[in-house]
Amino acid sequence: MLCENNTLNLLELEGAEIKNVWNEAGMKHISVEIPKKLHCCPKCGEMTDAVHDYRHQKVRDISIYGKLTIIHLRKRRYRCNSCGKRFAETNTFVPRYHQVTSRLVAHLISDFGKVRSASDIAKDHGVSISTTLRYFDLVNYSLKSLPEVLSIDEFKGNAGGEKFQCIITDAKHKKVLDILPNRKSADLIRYFRDFSTRSSVKVVVMI
Ligand SMILES: [Zn+2]
């Protein structure tokens, strides 16, 4: 439906179905679900679309039309009928281990580049000062070495004129190490070439 496409384009929640949009207590709320689809079992590689259960996750998003925005994500977990593994569906807009959308993280981090107080940044995005500082602390601007389990996720952040950014995380210790301005493989190779500790990486996870 044309109307639904326009809403999706406006909200830029790729791959999601918008179920409802409402205003409550001066905030904008959007309920979102990702359509059921075949997933590859992370344990045995069999394909499955068997649903195990659903969970609701509330995620803080960037402000829309000046209103603080909350995304209500109906998160699906799948079950592999071959090996019994249960696993969460994948989505491109909420990074793993976070309660905020990828694009909000990108906004919080890019705001640190401006000379502004943490409390101003927190107020703009409707999160607490401690959440803002947490992301500041999480980004290690002088990344010296690479972790044993390196995870590279891309997300749609629309920062610095680039549509997609890459988030580099230490998957074992659940720590964000760096945010890269784009996902071009030539730039990624150049970035990782500068590390003398590349051999310390045992596993690379890419989604
Ligand atoms: Zn399996």
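Residues numbered from 1 in each chain as written. Predicted model: local features only at pLDDT ≥ 70, side-chain atom pairs only at ≥ 80, totals over all residues.

Colleague: Would you mind going over the overall build of the protein chain with me for this structure?
Modeller: Within the protein chain, the secondary structure is distributed over five helices and 11 strands. Relative to its full complement of 207 residues, the protein chain shows a buried share of 20%. A separation of at least 24 residues holds for 54% of the contacts in the protein chain among residues at least 6 apart in sequence. (Helix = DSSP H or I, 4+ residues; strand = E, 2+ residues; numbered from the N terminus. Buried ≥ 20, exposed ≤ 12 C-beta atoms within 10 Å, placed from the backbone. Contact = placed C-beta atoms within 7 Å.)

Colleague: Looking at this structure, I do not really get unusual backbone geometry. What am I missing?
Modeller: One can expect most non-glycine residues to show negative phi and most peptide bonds to be in trans. The backbone of Ala25 shows a phi angle near 50°, a positive value even though the residue is not glycine. Its location among the elements puts Ala25 in the loop between β1 (17-24) and β2 (27-33).

Colleague: What should I look at first to understand the environment of Cys40 in this one?
Modeller: Along the chain, Cys40 falls in strand β3 (residues 39-40). Considered as a pair, Cys40 and Phe87 are 47 residues apart in the sequence and their alpha carbons are 10.0 Å apart. Contact partners of Cys40, with chain neighbours within four places excluded, come to Gly45 and Met47.

Colleague: How do you make sense of the nonpolar core when you look at a structure like this?
Modeller: Across soluble globular proteins, nonpolar side chains show a tendency to be buried alongside one another. One finds Val105 and Ile167 to be the most contacted residues of the largest nonpolar core, which totals 23 residues. Within the residue set of this core, elements represented by two or more residues are β2, β5 (50-64), β6 (67-79), α2 (102-111), β8 (149-159), β9 (162-170) and β10 (175-180). Here this core gets four residues from one element, more than from any other, and that element is α2. Split by domain, the residues of this core number at least three in each of domain 1 (1-91) and domain 2 (95-106 + 138-207). (Core = buried A, V, L, I, M, F, W, Y, C linked by C-beta atoms within 7 Å. Domains from an automatic or database assignment.)

Colleague: What exactly am I supposed to notice about the environment of Ser119 here?
Modeller: Along the polypeptide, Ser119 turns up in helix α3 (residues 118-125). Along the sequence, Ser119 and Ile129 sit 10 residues apart, while their C-alpha atoms lie 5.6 Å from each other.

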